[in-house]
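Here's the letter readout for the chains.
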Amino acid sequence: MLWQVLGKLFQVVGMVYATRCLGPDNVGVSRTVITLAMTLQLCLAFGLDAVAVRHVAKGLAKAGDMAPAIFTFRFALGLLAAVLWGLAVSFSGLEGGEKWTWLVGALFLLVCCMDYSWLFQATEQMPRASRFQLASSVMASLWFVLFFEKGQAVGSDLYVLLSANAVVVGVVWWRMSRELGFHCFSPARLAGAGKLLREAWLIWLFNLGYYLLANMAQVMTYFIIGKNSGGLFGSAQYLVLALQMFLHYFGILMAPRLMVWHKANLALFRRRVLMIAGGASMLGVIVFGVLWLVVDWLYPLLFGEAFASAAGLLPWLVLGKFFAVGTAMFTWGLWAENRDKLPVLCCLPCCLVSGVLYFVLLPKYGNAASAWLTLGAETALLIASAIAFILAVRRSK
């Protein structure tokens, strides 16, 4: 957790400075490109990470045996998606720096597809993963602080993030392939990816639905009410993203433990999941209250007066991320029970309803509606997941 704290501190400093230099319009473009790339990456992941972790944690397979299939599958899909993305942008009406930003987004998508965190999660080496993530955060943030200046060109933050992440991703896969004794690119292993895919499709559907539920606000804001509003919302989303990744790391750290607890003692498993979810939600309410008191003077201090109107968004978005920790605990608990369908049934209705409401409420209430809808969807999913988990464990007894 210490490595994650250090990494997110570096990330926040760099992103806040870059945001001040770029301004609302430019942030709106790059933030939307990054969000779309990460959404597409999740579409192409197909839930293989969670299934691989489940297999390794339960002793059904070795990480080194599964890695070549997953790497090859994702590289092939990521490359195809990047080519299609590039063609779509080439034939669009975009021009100048904005067009180049969207084109570079195709390469960012490919790098995102080569995610390595599941290898460390499955083998319970998350401190190493955190150190690699810290390296990319430090490289990007140092570049922002040392070389960015007021009036920075659109897309320049994306170029830096792409370069830093590409270097770290390449080094990690090279190191892990040597340590675990596998060749990353192996077309002969694609059949293994097919087997995982048949098991993982429900988990993939949940992951995709949840990511859209939690992150569609940025894209909706950009396309419905404009890139200036998208930039204002993106400034708050920048800070929340750092918190989200930190809290997501906690969920990743706990996932193999949940599998072990479930196997050892069902009553203890149920009690610990409820305790962690409840504790995270209570902590979120406390953080929300503190932010509510200080955000009006803190936000302009961080981002400048150009972003001051977005200050009120931050407490609502932060509270939603703490609720998401509880949702993650219930979801992994259901996956430990092999109830892969229940998280999907909890998530998709929340995602669809909130998606429709963006078109109704955003034109009328602006960015505030995005924050309210994000928190509302997170809250509804937390409640639904808790009910599903309690009922599923009770039936297991």
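Criteria and cut-off values
Residues numbered from 1 in each chain as written. Predicted model: local features only at pLDDT ≥ 70, side-chain atom pairs only at ≥ 80, totals over all residues. Heavy atoms only, no water. Salt bridge = Lys/Arg side-chain N within 4 Å of Asp/Glu carboxyl O. Helix = DSSP H or I, 4+ residues; strand = E, 2+ residues; numbered from the N terminus. Buried < 20%, exposed > 50% of the residue type's maximum accessible area, 1.4 Å probe, protein only. Axes fitted to C-alpha atoms, helices over the stretch in contact; angles between N-to-C directions. Parallel < 35°, antiparallel > 145°, perpendicular 65-115°, else oblique. Left-handed = near helix turned anticlockwise from the far one by under 90°. Contact = heavy atoms within 4.5 Å. Nonpolar A, V, L, I, M, F, W, Y, C, P; charged D, E, K, R; others polar.

Caption draft 1: View of the pattern of salt bridges. A full pass over the atoms with the stated rule returns three salt bridges. The salt bridge partner of Arg128 is Glu179, with a shortest N-O separation of 2.9 Å. Here Glu179 lies in helix α7 (residues 156–180) and Arg128 lies in helix α6 (residues 126–147), a separation of 51 residues in the sequence. Judged by relative accessible area, Arg128 falls into the buried class, the value being 16%.

Caption draft 2: Representation of the environment of Ala368 within the structure. For Ala368, the position within the fold is in helix α13 (residues 367–396). Separated by 52 residues in sequence, Ala368 and Trp316 place their C-alpha atoms 9.3 Å apart.

Caption draft 3: Just the packing of helix α4 (residues 96–113) against α7, in detail. Between α4 and α7, the least distance of the axes is 10 Å, while the angle of their chain directions is 20°. If you check the angle between α4 and α7, you find them roughly parallel. Regarding α4 and α7, the two cross each other, and that crossing is left-handed. Along the contact surface, α4 presents Gly97, Trp100, Thr101, Val104, Gly105, Leu107, Phe108 and Val111, while α7 presents Leu158, Tyr159, Leu161, Leu162, Asn165, Ala166 and Val169. Class assignment for the residues of the contact of α4 with α7 results in 11 nonpolar, four polar and no charged.

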